[in-house]
There are 2 protein chains.
Amino acid sequence: MQIKLINLSLPFSLYWWDPVESNNMCPKTKKELLSNSTMAEPKDELPAVIVLGRPSVLNFYGDQFSSKFRLLKPWESSLPLDQFISTHAQTVQAMFCSGTTCVTPSLLRQLPSLRVIVTTSAGLNHMDLDECRRLGISVANAGTVFSEDVADFAVGLLIDVLRKISVANRFVKNGLWPLHEDYPLASKVGGRKVGIVGLGSIGLEVAKRLEAFGCIISYQSRKKKPVVYSFYPDVHELATKCNVLVICCALTDETHHLINKKVLLALGKEGVIINIARGAIINEMELVQCLVQGQIAGAGLDVFENEPNVPEELFSLDNVVLSQHVAFFTEDSFRDLYELMSGNLEAFFLNKPLLSPVLDD
Amino acid sequence: MQIKLINLSLPFSLYWWDPVESNNMCPKTKKELLSNSTMAEPKDELPAVIVLGRPSVLNFYGDQFSSKFRLLKPWESSLPLDQFISTHAQTVQAMFCSGTTCVTPSLLRQLPSLRVIVTTSAGLNHMDLDECRRLGISVANAGTVFSEDVADFAVGLLIDVLRKISVANRFVKNGLWPLHEDYPLASKVGGRKVGIVGLGSIGLEVAKRLEAFGCIISYQSRKKKPVVYSFYPDVHELATKCNVLVICCALTDETHHLINKKVLLALGKEGVIINIARGAIINEMELVQCLVQGQIAGAGLDVFENEPNVPEELFSLDNVVLSQHVAFFTEDSFRDLYELMSGNLEAFFLNKPLLSPVLDD
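The shown structure was predicted, so the numbers you read here are calculated from the model rather than taken from an experiment.

1. A word on the UniProt feature "domain: D-isomer specific 2-hydroxyacid dehydrogenase catalytic" (unreviewed entry) in chain A
- According to UniProt, the feature "domain: D-isomer specific 2-hydroxyacid dehydrogenase catalytic" (unreviewed entry) maps to residues 87–358 of chain A in the numbering used here.
- When the span residues 87–358 of chain A is considered, its composition is 35% helix and 15% strand, and the gap between its end C-alpha atoms is 28 Å.

Here is the structure:
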């Protein structure tokens, strides 16, 4: 398995953090280091980090985080969230959050000492970045940690929809094979005209993989990229030229409901749509209508507008493969995520540049 | 979609077949051709082909085959099979069959006029090729028509097993997402050490695809090939070096139960096995034991020792994805297969070289 190691030049445990003096790290003497090397660091001496949105990486690397930071977890407190936040408002400088945490101006006002936000998501649609910039708060995200896994999952969803793998699995496991001889032919992957909406790091990984299957790649993006794939600035035009769309762009005001009925009808009856980005990039109600009415051929959806709620009309459709926002959910991604997230927090407390900055003062 | 067109130099309908004079084709005069061009050819004048094993391509291209050949179908006759065969024994020169037809010396003795066998399978384990050779019977198979589709399916099965796509699909469609927050992490595709057993046309296509995912490819084969992948002549040694095995070889006496408990244990607890070749290459009983006892991590199986019967112990295992021998089952493959199969039969009756010969006199 592939392991990406993110190393700081000095191990974080060699530093001592003074919670009063912000952003000052005092290297210990060699003697102090040696004398401390066999004893656990007192919890109170660890730098404090408020944790919102309960990042799932804590389910797997909670102990490792807790050995480095004093995690302030509202879900372990008996206080209501607002009161919990106000208790730490004057001192806490770092926030660790997930993509479900709405980082609004109102939340930021509650935390006047905040200097850095580290989010486990690659997407930033949950954060008011302008307000963070105005307040001088640095932001780090998951960067490209998930790109390969998410691209793998996108390709897996596409193969599943075209080749009916989940349907076959259910058919055989329900003991139906000896009873039925005839089943419909599936669709070939190779030769498909695949339009990638958003050619960032995930989109590029999807393109690389699908090229190996013999797919013909085009893309839509804000601007033309230095790649050999055909570029269409307009997503509707891309859809008219393709029979697969793979949604890989960020959710922004511009991409909200970018994929609507008009785009889906342009994709056409043989068209398949894959979404591993954010649910609200597609007008979900119109997508459901198109699928139910057979106006497109199928869909593979890892993300939805109102997670964890999924339109029930999709549950009975064999040409639709659904998953619970887990395209990034691998052991490798989470190990890399743990290293990147803790590395960003360590870098902040060491007064070093963030490892995956979105905003960095 | 990718379309492969197989063209003969002259359309077959321009020829007239004399069933008495074997392998003689008499070109019609231009006048005769023109006068016939608007009328259907009388059925009796079409060359006779006995069809055994009821190839599934006839479910989709039956009319097209019937417009070119007088198909002798035992399943449409009231006669028992042996009697049906003996009725046509003295005249029929061509057999069209599927991979389920056991072409034994005994069957061949029943058809003394047989000159060609065209099989819809890529594998030839159902045929006694030595006996065909001895009797001067030409043989054509599906060649590489299925290679890309089968390779796509193999990769789809591997992604599904590693990334739990079928499991996720069932989880969401059963409405469980809002009820459960925790699910296990999946495994990354990239960085996997993939051993391909049999580096023929399918194996090469699998390798090409998995390279794009960042997998590290090795292979076992009868002899070393001019490729960059690491070569292991022994499958047990390959298994010790890999954590995925993809079975792509032909079923022969040498490969029967090639994958046994010893090989599976060498693959190890993180190991995944994919089989899109033939069921009997794996000792199925030992594979089931290893899966049930957690001695390997998972499997994606399209083929089984005793199809359509699948060991029921596998039905409840989430780490096992099953399908009903459909890795080749796409619209594109079947169109190509129809063209190749009818092209081979036409070539035979035109006394031309077969398009995909295994044995050709």
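2. A look at the interface of chain B and chain A
- On the side of chain A, 63 residues touch chain B, which itself brings 63 residues to the contact.
- Carbon and sulfur atoms make up 62% of the area that chain B and chain A hide from each other, which totals about 5,600 Å².
- Of all residues in chain B, the largest losses of buried area upon contact with chain A belong to B:Lys173, B:Leu185 and B:Lys188, amounting jointly to 15% of the total for that side.
- Where chain B packs against chain A, one counts six salt bridges.
- Two residues, A:Lys188 and B:Asp149, come together in a salt bridge whose shortest N-O distance is 3.6 Å.
- For the pair chain B and chain A, the number of links is 19 residue pairs in polar contact (both at pLDDT 80 or more).
- Mapped onto the side of chain B that touches chain A, the elements with two or more residues apiece are α2 (57–68), α6 (147–163), α7 (165–173), α8 (201–212), β14 (320–322) and α12 (331–349) of chain B.
- Among the elements that line the side of chain B that touches chain A, the one with the most residues is α6(B), at ten residues.
- Taken together, the residues of the side of chain B that touches chain A break down into 33 nonpolar, 14 polar and 16 charged.

3. Quick word on empty space enclosed by the protein
Residues and elements named next belong to chain A.
- Counting across every chain of the model gives one cavity of 30 Å³ or more.
- Forming the boundary of the largest cavity are Asn275, Gly279, Ile282, Glu284, Leu287, Leu301, Val303 and Phe304.
- Here the lining of the largest cavity is built from residues that sort into five nonpolar, two polar and one charged.

4. A few points about the domain arrangement of chain A
Residue and element names in this part refer to chain A.
- You can read the domains of chain A as domain 1 (48–145 + 332–350) and domain 2 (146–177 + 186–322).
- Here domain 1 and domain 2 have C-alpha centroids that lie 31 Å from each other.
- Listed as interface residues are ten residues of domain 1 and, on the opposing side, six residues of domain 2.
- Regarding the contact of domain 1 and domain 2, the summed buried area is about 690 Å², with carbon and sulfur atoms giving 54% of it.
- Among the residues domain 1 hides against domain 2, the three largest losses belong to Asn125, Thr144 and Ser333. Together they make up 57% of the total.
- Run the count over domain 1 and domain 2 and you get zero salt bridges.
- Taken together, the links from domain 1 to domain 2 amount to four residue pairs in polar contact (both at pLDDT 80 or more).

5. Details of the sheet that holds strand β4 (residues 70–72) of chain B
Residues and elements named next belong to chain B.
- Read across the sheet, six strands follow the order β4-β3-β5-β6-β7-β15 without closing on themselves; strand pairing throughout is mixed. Each edge of the sheet is formed by a strand with only one pairing partner; in this case those strands are β4 and β15 (357–359). Neighbouring strand axes in the sheet, compared pairwise and without regard to direction, differ in orientation by 25° on average.

6. Describing the confidence of the model for chain A
- On average, chain A scores 89 in pLDDT, and the residues at 70 or more come to 87%.
- Among the prediction metrics, the complex's ipTM stands at 0.85, with pTM recorded as 0.86.

7. A word on helix α11 (residues 284–292) of chain B
Residue and element names in this part refer to chain B.
- Restricting attention to buried positions, one finds in α11 the residues Glu284, Leu287, Val288, Cys290 and Leu291. The buried residues of α11 occupy an angular sector of 165° when the element is viewed end-on, so they sit on one face.
- Its side-chain oxygen placed 3.3 Å from the backbone nitrogen of Met285, Asn283 serves as the N-cap of α11.
- Immediately downstream of α11, the backbone of Gly294 shows phi near 70°, a positive value.

8. Considerations on the pairing of strand β9 (residues 216–220) of chain A
Residues and elements named next belong to chain A.
- The buried count for β9 comes to four of five residues, which makes it a mostly enclosed element.
- In this view, the connection linking strand β8 (residues 193–197) to its parallel neighbour β9 by way of helix α8 (residues 201–212) has right-handed handedness.
- Across two bridges, the pairing between β9 and strand β10 (residues 230–231) is parallel. The residue of β10 that forms the bridge with Ser218 is Ser230.

Each value, and the rule that gives it
Residues numbered from 1 in each chain as written. Chains lettered and ligands numbered in written order. Predicted model: local features only at pLDDT ≥ 70, side-chain atom pairs only at ≥ 80, totals over all residues. Heavy atoms only, no water. UniProt positions renumbered as here; feature names shortened; annotations may be inferred. Helix = DSSP H or I, 4+ residues; strand = E, 2+ residues; numbered from the N terminus. Contact = heavy atoms within 4.5 Å. Buried area = accessible area lost by both parts, 1.4 Å probe. Salt bridge = Lys/Arg side-chain N within 4 Å of Asp/Glu carboxyl O. Polar contact = N/O pair within 3.5 Å; in protein donor to acceptor, adjacent residues only side chain to side chain. Nonpolar A, V, L, I, M, F, W, Y, C, P; charged D, E, K, R; others polar. 1 Å grid on protein atoms, 1.4 Å probe; cavity = no way out; pocket = protein on both sides within 12 Å on 5 of 7 lines; lining within 4 Å. Points joined across faces, edges and corners; volume = space filled by probe spheres on them. Domains from an automatic or database assignment. Pairing = 2+ DSSP bridges. Axes fitted to C-alpha atoms, helices over the stretch in contact; angles between N-to-C directions. pLDDT = per-residue confidence, 0-100. Buried < 20%, exposed > 50% of the residue type's maximum accessible area, 1.4 Å probe, protein only. Arc of directions from axis to C-beta. Right-handed = clockwise from strand over helix to strand, strands pointing away.

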